[in-house]
Every structure is written in C-alpha cells, then in structure tokens.
Amino acid sequence: MSGEVGIALRREVRERAHGCCEYCYMPDSEPLYPHEPDHIRALKHGGATTSDNLAYACFVCNRAKGSDIASYDPVSDELTPLFNPRQQVWSEHFRFNGPLIEPLTAIGRVTVLLLKLNQQSRVVARDQLMQADLFPARPH
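Residues numbered from 1 in each chain as written. Predicted model: local features only at pLDDT ≥ 70, side-chain atom pairs only at ≥ 80, totals over all residues. Heavy atoms only, no water.

Regarding the nonpolar core
Then step 1. In terms of nonpolar packing, the biggest core is built from 23 residues, with C21, Y23, C24, C61, F94, I101 and L117 touching the most fellow members.
Then step 2. In terms of residue count, helix 4 (residues 106-114) provides more of this core than any other element does, three residues in total.
Then step 3. If we skip the residues at most four places from it in the chain, C24 touches C58, C61, F96, I101, L117, R122, R126 and F135.
Then step 4. With six residues, the next largest nonpolar core counts V5, L9, A17 and Y56 among its residues. (Core = buried A, V, L, I, M, F, W, Y, C linked by side-chain atoms within 4.5 Å. Buried < 20%, exposed > 50% of the residue type's maximum accessible area, 1.4 Å probe, protein only. Helix = DSSP H or I, 4+ residues; strand = E, 2+ residues; numbered from the N terminus. Contact = heavy atoms within 4.5 Å.)

Observations regarding helix 4
Then step 1. If you check which residues of helix 4 are buried, you get I107, G108, V110, T111 and V112.
Then step 2. In the core, the buried residues of helix 4 are packed alongside strand 3 (70-72), strand 4 (79-81), helix 3 (90-93), strand 5 (94-97) and strand 6 (100-103).
Then step 3. The distance from a side-chain oxygen at the start of helix 4 to the backbone nitrogen of I107 is 3.4 Å, and the residue carrying that oxygen is T105.
Then step 4. One or two steps after helix 4, the chain reaches K116, where phi turns positive at roughly 55°. (Polar contact = N/O pair within 3.5 Å; in protein donor to acceptor, adjacent residues only side chain to side chain.)

Quick look at the pattern of salt bridges
Between side chains of opposite charge, pairing is possible as soon as their charged atoms come close.
Then step 1. All chains considered together, the criterion is met by six salt bridges.
Then step 2. With a closest N to O distance of 2.6 Å, R86 and E22 form a salt bridge. Residue R86 is found in the loop between strand 4 and helix 3, and its partner E22 is found in the loop between helix 1 (7-16) and strand 1 (36-39); the two are separated by 64 residues along the sequence.
Then step 3. Taking relative accessible area as the criterion, E22 reaches 9% and is therefore assigned buried. (Salt bridge = Lys/Arg side-chain N within 4 Å of Asp/Glu carboxyl O.)

Structural data, given as structure tokens:
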C-alpha cells in the first residue's frame with residue numbers, strides 16, 4: 001500500500017487540524033519546516049493512508065514519533081499507547097501550563113516524552129509565539 005498522501009487528502013487533514021500540529025499545537029505558519037500528514041499507525045504496522053489514520057504534525061513531532069505507536073510510561077513502567085488524535089481528545093491527556101505541555105494521563109506522559117514536547121527549544125518557541133499572540137489560545 002502506498003504511503004503517499006494526495007493533495008485533496010493533505011488539504012483535508014490540514015483543515016481538520018485548523019493548521020496546527022495535532023500533538024503540540026504549533027501553527028503551520030511558524031516553523032522552518034512544513035507540517036505534514038503523519039500516519040498515526042505506521043504503514044509498516046498495517047496502517048492505511050486514509051483520513052482516519054492521519055494526523056497533521058509538525059516536522060519535529062513527526063520525526064520524533066516516527067513509526068512508534070507506544071512507549072513505556074515512566075510512572076507505571078507499563079507499555080502505553082501514544083496519543084491518537086483521531087480517537088482521543090487532546091484536553092483529556094494534556095494541558096498547557098504557559099508554554100509547557102503537562103501530561104494528565106499515562107498516554108499524555110508517554111507522548112510528551114517520546115515526542116519531546118517540552119524540549120527547551122520547543123518551549124521557548126511556544127512561549128515567544130504565545131507572547132506575540134500567534135499561538136492557539138486553546139486546543140481544538
């Protein structure tokens with residue numbers, strides 16, 4: 001199965017996400033590298049190139065996630081799935097504390113760690129965008 005995302009599907013994924021990464025909420029108007037559709041369940045794990053398996057992701061989140069679908073929760077040490085924006089609500093697993101993304105659940109913890117959502121350079125970038133009123137006020 002091809003992993004190529006056509007123009008119409010790419011547009012649908014972007015519009016559904018309101019032009020923001022579905023993992024860290026970075027708007028696509030700001031990063032150096034363009035956002036891209038991410039296969040939530042990677043092709044090599046049997047995922048399909050369909051709307052319900054694609055998330056709009058910034059370059060940094062997409063590269064950090066790669067083909068991963070789970071990681072070990074640092075609190076329970078149990079294998080835990082990553083956040084799935086097609087099946088879960090962002091605000092149930094995360095919240096913003098200023099520019100920091102705080103995990104609220106095991107799914108939130110593994111996603112924050114694996115995708116490096118609070119890497120210092122990312123927090124600084126979010127803070128600057130928030131101060132300039134260029135960062136989304138709240139998750140969709």
